[in-house]
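A closer look at the structure
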Amino acid sequence: MKVLKFGGSSMCDAHSVSLVQQIIESQDKPCIVVVSAFEGVTFQLLTMAEQAVQRDEQYKSGIRSIAELHFDVVNALAPVAQRTSVLAEVQRLLGEYEDTLYGLYLLQDLTPKTRARILSVGVRLSAYVLSHIVAGARYHNTGELIRTSSGYIDARIDFEESNELIAGRFAKLDHIAILPGYMAGNKAGTITNLGQRGADYAASVIAAAMNASGLVLWMNVDGFMTADPDIISKAQPIEALTYSEAIELSHFGASVIFSPTIRPVYEKNIPISIKNTYNPQAKGTLISNRSQDNEVSPIKGISSVADISLISLQGTGLVGITNVSARFFKVLSDHKINIIMVTQASSEYSITIAVRPDEAEIAVEALDKEFYPKIHATGEIKLQVETDLSIIAIVGERMRNTPGISATLFRSLARNGISVIATAQGSSELNISLVIRRVHLRKALNAIHEGFFLSNYKELHLFLVGVGNVGRSLLQQIQSQREVLMNDLKLKINLVGVANSRKMHISYRGIEPMTYAEKLDREGEPYDIHRFINRIFDLNIRNSVFIDCTGNEAVASAYGTLFEHYISVVTANKIACSSEYSLYKSLKENAKEHGVRFTFETNVGAGLPVINTINDLIRSGDRILKIEAVLSGTLNFIFNVLSVDVPMSKAIRMAKEKGYSEPDPRLDLSGTDVVRKLIILARESGYPVEKEDVKIETFLPADCFEGSLDDFWQKVEKLDAGFEARRKELAARNKKWRFIATLDNGMMSIGLQSVDSKHPSYELEGSNNIIMLTTARYFEQPMVIKGYGAGAEVTAAGVFADVIQIANV
């Protein structure tokens, strides 16, 4: 015989009650069914009682809605012949309750005895109604079967007498017995209350007394999950738990089952099934004394208590004193303080406990009084309280004797910048509990879940600033590659924030890459880089990556703060890495110190693998001796198209029209961009150089860089004839112009050079770049990296590659 229990979430209207009816009628007979009140009814009953005590006339208004809910269910589901009598009994029970409310209104006092009776009204109503809907069912009064020996609220059960009463009533059960949960009764026949989740507890007590074959708890979830699905979207159902695992998970916040519910059936080795009323075909979770042999992860689940306070007693006054712990825990017990977690230093220097915030003040006052002399007179002991904290617990029988569990746990937190304030682990190795700042809870849970349940996928959360040509192309590439990344790399990329120079938008639920413009237009707020970054910090999402596709100094100045909040940075912006060497060095060190990535491959050569190649050479023990490079796609394009028909001024205009140059091409023609790239290459090669160390030889007169852009075009046209004459002379000697950047043993220069057909850059086409690396190993024959060095698509591809590289770390 099984005992079934249905919660209020399974009975919220006529439709859901009909599902409950179908489930009960499909069971083997006989069986026992324990029910909660219809959803929300008990809360409503108690609220009206409290209003009546306060003489708030609103207390009268709720009775009608409760009556209508039950009437609707009866009229929809009860047999026609029984409806009148059932409706009359519902009306009678509500009439009694209404009389009680009026008494409370007059007396202005809600005693525990009256509260217990009020709390029983909802379950008595639901059980009575259901017993006249389910075929072959009869109503039984739990108050006559579960005997309590003390108090009215959270009453203590007399198990010996209760077991006799239950076994005696159902020894020859030949029907479906339906009982109200949550309530019990004392020897005087007065209704008492079993406290929080009392319906579950009552069902467990009855199952144990009857040596039932199983206890099935029906609710609105598919069972235990590996974590809270409201916080962790990747949470997975748990098919099986041991009793110990279920008790640990529920103790630390998993609300699926109340831990006292497990104890009665645990002692009789009766399995518990968690099933979903709305999805009865789902496997649910089986709780028993056996663990599964085919489990992949050593942990079963992660649970948490969102808001706790940490109380610590520490100091030399604790060391070597034999009765300190006894006094400590006795005083807390005397004040009925519920301790969630305990940790104590082996040196006896400190004792730390976690309690709920509403009990912290009482606990501190009690401890202060108990240890007053050593706290206030001698100062040998300090009593400290920390608030706004959370507890996370990882639970699993297979953690026992499995190495690396703690390493995975703390590494997952460290990578996301989450500090552990306190930790505890019993010798059974069933549970590791830790305390963190409450603000980091969501981030920590996701990081830990991802660390232990890697079978699905890894997520990166992107915040993009700059949606010009490069940023827009990046979003297009992300959109087109999402399915490939998920299938091949098990990588999910979420765009969470986006900003242009006018507006910004952040959404925790994510932004579809190709809807960014619409989102900015309709939901965007005025752009402010500091507010944008603070919003990122407020979200506090694990695996966050900030992408800079601007050329903005204010954006670049934020990198250090991002690193300090454990956020990786991918940048196509050259400003940070080409400014003062001290800033470049501090950014690299800051990122390393916080365990995040700082990647800027596209600063040089767009999508070409230049910086990564240099890094790999140096890490393998090689030394960069010399670099010769054509680093400006714009300038290479200009010198490639120069001809009789295309003078210098026209070539520059063509570069601008094709998008190779900046809107003001003088920024490219001055060599400023090449200087920045050369500085970055030199620094990555191990040379602590500054901008002032670069020798610059421009190919245009200084006055071309003065005045307006219109002035520039007039001046450069006057130079066309001179450039053409020199070009013809070069062509006659089979030579070409190349704007070359050179690093030679720490000495840097940039300038226009003529190269012959033997030079590697001679055949460099269009806007391509070439980088020649002479190293200790590549001395006789330099390493050559060659390809597209400009253009939005290749630059975006380089940024995208940096992002994927972060995911693979």
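Placed above this text is the structure.
Read on for an overview of the structure. Every value quoted in this text rests on a predicted model; they were computed, and no experiment measured them.

Our focus in this paragraph is the overall build of the chain. Within the chain, the regular secondary structure consists of 29 helices and 31 strands. Expressed along its principal axes, the backbone C-alpha trace of the chain runs to roughly 115 × 70 × 55 Å. Within the chain, the fraction of its 809 residues that count as buried is 53%. When contacts within the chain are restricted to residue pairs at least 6 apart in sequence, long-range pairs at least 24 apart make up 73% of them. Averaging the locations of the 84 positively and 92 negatively charged side chains of the chain gives two centres separated by 2 Å.

A few words now on helix α29 (residues 792-807). Look at α29: 23 Å from first C-alpha to last across 16 residues, which is about the 22 Å you get at 1.5 Å a residue. For α29, the full list of buried residues reads T795, A796, G798, V799, F800, D802, V803, I804, I806 and A807. In this fold, the buried residues of α29 make contact with β19 (458-465), α15 (469-489), β20 (491-499), β23 (544-548), β24 (568-571) and β25 (598-599).

Moving on, we come to the packing of α15 against α29. In the contact formed by α15 and α29, the axes pass within 9 Å of each other and the chain directions differ by 45°. Between α15 and α29, the crossing angle belongs to the class labelled oblique. In this structure, α15 crosses over α29, and the sense of that crossing is right-handed. For the pair α15 and α29, contact is made by N469, V470, S473, L474, Q477, I478, Q481, L485 and L489 and by A792, E793, T795, A796, A797, V799, F800 and I804, respectively. Partitioned by chemical class, the residues of the contact of α15 with α29 number 11 nonpolar, 5 polar and 1 charged.

With the rule as written, the count across this model stands at 16 aromatic pairs. Judged by centre distance (5.5 Å) and plane angle (35°), the rings of Y59 and Y105 are tilted. In this pair, Y59 sits in the loop between α2 (41-53) and α3 (62-77) while Y105 sits in helix α4 (residues 80-107), placing the two residues 46 residues apart along the sequence. On the accessibility criterion, Y59 (4% relative accessible area) is buried. Ring centres 5.9 Å apart and planes at 70° place the aromatic pair F699 and F739 in the edge-to-face group. In this pair, F699 sits in the loop between β27 (694-697) and α27 (709-717) while F739 sits in strand β28 (residues 736-744), placing the two residues 40 residues apart along the sequence.

The next point concerns the pattern of salt bridges. If you walk through the whole model with that rule in mind, you get 33 salt bridges. When the shortest N-O distance is used, the salt bridge between E512 and R482 registers 3.0 Å. In this pair, E512 sits in the loop between β21 (503-506) and α16 (516-523) while R482 sits in helix α15, placing the two residues 30 residues apart along the sequence. Exposure remark for E512: the relative accessible area of 41% places this residue in the partly exposed category.

Another point: the pairing of β23. Within β23, 5 of the 5 residues are buried, which leaves it mostly tucked inside the rest of the structure. On β23, burial covers both faces: S544, F546 and D548 on one face and V545 and I547 on the other are all buried. Pairing of β19 with β23 involves 5 bridges; the strand directions are parallel. Following the sheet pairing, V465 is matched in β23 by D548. With 4 bridges joining them, β23 and β24 adopt parallel strand pairing. When the sheet's bridge partners are listed, D548 is paired in β24 with T571.

For the structure shown, the criterion picks out 0 disulfides. With no disulfide of its own, C549 has C577 as its nearest cysteine by sulfur position, at a separation of 14 Å. Exposure remark for C549: the relative accessible area of 13% places this residue in the buried category.

For S579, the position within the fold is in the loop between α20 (575-578) and α21 (581-593). A C-alpha to C-alpha distance of 7.4 Å links S579 and K691, two positions 112 residues apart in sequence. Other than its neighbours up to four places away in sequence, S579 contacts R683 and E690.

Okay, the sheet that holds strand β22 (residues 525-526) next. With mixed pairing, the 7 strands of this open sheet are ordered in space as β22-β21-β20-β19-β23-β24-β25. Edge positions in the sheet fall to β22 and β25, since each has one partner strand and no second. In the sheet, β24 pairs with β25 via 2 bridges, with the strands oriented parallel. Looking at β25, one finds that V570 is bridged to T599. Its contacts with the sheet put helix α17 (residues 529-539) on β19, β20, β21, β22 and β23, and the angle it makes with β21 is roughly 0°.

Glancing now at a nonpolar patch on the surface. A cluster of nonpolar side chains, Y102, L106 and L107, forms an exposed patch at the surface whose accessible area comes to about 350 Å². For L107, the location among the structural elements is in helix α4. Judged by relative accessible area, L107 falls into the exposed class, the value being 67%.

Another aspect to go through is the nonpolar core. Counting residues in hydrophobic clusters, the biggest one holds 81 residues, and the most contacted among them are F532, F546, Y559, F598, I627, M648 and F699. Among the elements that take part in this core, helix α26 (residues 672-684) stands out by supplying 7 residues, more than any other. When residues no more than four places from it in sequence are discounted, the contact partners of Y559 are F546, D548, V569, T571, N573, A576, L587 and F598. By size, the runner-up hydrophobic cluster in this structure holds 55 residues, among which are V20, V33, F38 and L110.

Further remarks concern the side chain of S390. Among the secondary structure elements, S390 is positioned in strand β16 (residues 382-395). There is a polar contact of 2.4 Å between the side chain of S390 and the backbone oxygen of A306. Setting aside its immediate chain neighbours within four residues, S390 contacts V305, A306, D307, I308, L434, V435, I436, R437, R438 and L441.

Cut-offs used in this document
Residues numbered from 1 in each chain as written. Predicted model: local features only at pLDDT ≥ 70, side-chain atom pairs only at ≥ 80, totals over all residues. Heavy atoms only, no water. Helix = DSSP H or I, 4+ residues; strand = E, 2+ residues; numbered from the N terminus. Buried < 20%, exposed > 50% of the residue type's maximum accessible area, 1.4 Å probe, protein only. Contact = heavy atoms within 4.5 Å. Lys, Arg positive; Asp, Glu negative; His and termini not counted. Charge placed at Lys NZ, Arg CZ, Asp CG, Glu CD. Expected span 1.5 Å × (residues − 1). Axes fitted to C-alpha atoms, helices over the stretch in contact; angles between N-to-C directions. Parallel < 35°, antiparallel > 145°, perpendicular 65-115°, else oblique. Left-handed = near helix turned anticlockwise from the far one by under 90°. Nonpolar A, V, L, I, M, F, W, Y, C, P; charged D, E, K, R; others polar. Phe/Tyr/Trp six-rings, centres within 6.5 Å; stacked < 30°, edge-to-face > 60°. Salt bridge = Lys/Arg side-chain N within 4 Å of Asp/Glu carboxyl O. Pairing = 2+ DSSP bridges. Disulfide = S-S within 2.5 Å. Patch = residues over 30% accessible without salt bridge, like charges linked within 9 Å, V, L, I, M, F, W, Y side chains within 5 Å. Areas by Shrake-Rupley, 256 points an atom, 1.4 Å probe, with all protein chains shown as cover. Core = buried A, V, L, I, M, F, W, Y, C linked by side-chain atoms within 4.5 Å. Polar contact = N/O pair within 3.5 Å; in protein donor to acceptor, adjacent residues only side chain to side chain.

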